[in-house]
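Observations on the model geometry
Residues per chain, in single letters:
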Amino acid sequence: MTPTVVVTGAGSGIGRAIAVTLAQRNWRVVVTDLDGDAAREVAASLANSDAGHESAQLDVTSPEGAAAVAADVAGRLGLDAWVSNAGISFMHRFLDAPIERYQQTMDVNLKGVFVCGQAAAREMVRNRVAGAIVNTASMAGKQGRVPFLSDYVASKFGVVGLTQAMAYELGEHRITVNCVCPGYVETPMQSRELEWEAKLRGTTTDGVRTMMLDDTPLGRLEQPEDVARAVAFLLSEDARFITGEALAVNGGAYMD
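So, how was this worked out
- Residues numbered from 1 in each chain as written.
- Predicted model: local features only at pLDDT ≥ 70, side-chain atom pairs only at ≥ 80, totals over all residues.
- Heavy atoms only, no water.
- Helix = DSSP H or I, 4+ residues; strand = E, 2+ residues; numbered from the N terminus.
- Buried < 20%, exposed > 50% of the residue type's maximum accessible area, 1.4 Å probe, protein only.
- 1 Å grid on protein atoms, 1.4 Å probe; cavity = no way out; pocket = protein on both sides within 12 Å on 5 of 7 lines; lining within 4 Å.
- Points joined across faces, edges and corners; volume = space filled by probe spheres on them.
- Phe/Tyr/Trp six-rings, centres within 6.5 Å; stacked < 30°, edge-to-face > 60°.
- Lys NZ or Arg CZ within 6 Å of the ring centre and 35° of its normal.
- Pairing = 2+ DSSP bridges.
- Axes fitted to C-alpha atoms, helices over the stretch in contact; angles between N-to-C directions.
- Contact = heavy atoms within 4.5 Å.

**With respect to unusual backbone geometry**
You will see that Asn48, though not glycine, has its phi angle at about 55°, which is positive. Inspection of the secondary structure puts Asn48 in the loop between helix H2 (36-45) and strand E3 (54-57). Note on Asn48: relative accessible area 37%, which makes it partly exposed. A positive phi angle, near 55°, is found at Arg128, a position not held by glycine. Within the element layout of this structure, Arg128 appears in the loop between helix H4 (99-126) and strand E5 (132-136). The class of Arg128 is exposed, set by a relative accessible area of 73%.

Pasting the structure below:
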């Protein structure tokens, strides 16, 4: 029987790569994104179309929206796994960071993980499914030495802690909860950050890229597929006795 996974923020970047990788590994993928058109495009492009991949528009900050998606998928297809990947970032010096941006970052990056994880877990518990939940954190969730991203750092530290709290409480239901902590990933989000950071540092985007490469022992920038393969592992049977972990996937850019 084909297992079903919901992936949030899957219209582009890391989320898209996760959807593509899981479809290749014989998952039925429900692609969700705030941009419903992008979600539909990704779902239509996935391999193994006979699996019946689907898409849905989802605002991860909406408890009602997350609950509706989780209940619909669980009722029609069975909900075996959920990947809370949706996230945003803005760059400011800490002294200049507007509170509105802080609130928006926390709403999407942390509240969204809470809301979606709760919705998914409720359906898994209700249906007695020994499921798996994976959250996207960041290496910025393990160290504060990240310039111009104080609100993002706070949100991702929160994701790491929330992952552990979820894992502890959901263990009795045989639901595993883990997170991945990517490094410098080449995505549209990072392209924006390169421009912002270059301006804040008074340098060029190539200069910032070189700094990232110098920080990474494996000598290249991370690709979305690097993260996707780690997520696939955490959703696999090979990881059934792993829970509460924050898996570093960063080429050695940060080691703990």
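There is more to say after this.
**Section: the layout of surface pockets**
Taken as a whole, the largest pocket encloses approximately 1,100 Å³ of empty space. Around the largest pocket sit 47 residues that line it, and Ser89, Tyr152, Thr187, Met189 and Glu193 are the ones nearest its centre. At 7 residues, the largest contribution of residues to the lining of the largest pocket is made by helix H6 (residues 188-201). Estimates place the volume of the second largest pocket at around 210 Å³.

**Thoughts on the packing of aromatic side chains**
Applying the stated criterion to the full structure yields 0 aromatic pairs. Above the ring of Phe90, the side-chain terminus of Arg101 is found at 4.0 Å from the ring centroid.

**Some thoughts on the sheet that holds strand E4 (residues 81-84)**
Taken in spatial order, the 7 strands make up an open sheet running E3-E2-E1-E4-E5-E6-E7, and their pairing is parallel. Whereas interior strands pair on both sides, the edge strands pair on one side only; in this sheet they are E3 and strand E7 (246-249). Taken pair by pair, the neighbouring strands of this sheet meet at an average axis angle of 20°, ignoring direction. Where strand E1 (residues 4-7) meets strand E2 (residues 28-33), 4 bridges bridge the pair, whose relative direction is parallel. The residue bridging Val7 from the neighbouring strand is Val31, located in E2. Seen against the sheet, helix H5 (residues 150-170) touches E5, strand E6 (176-182) and E7 and runs at an angle of roughly 160° to E6. Sheet strands in contact with helix H8 (residues 224-235) are E1, E4, E5, E6 and E7, and its direction is about 165° off that of E6.

Nothing here speaks to function; it is all geometry.
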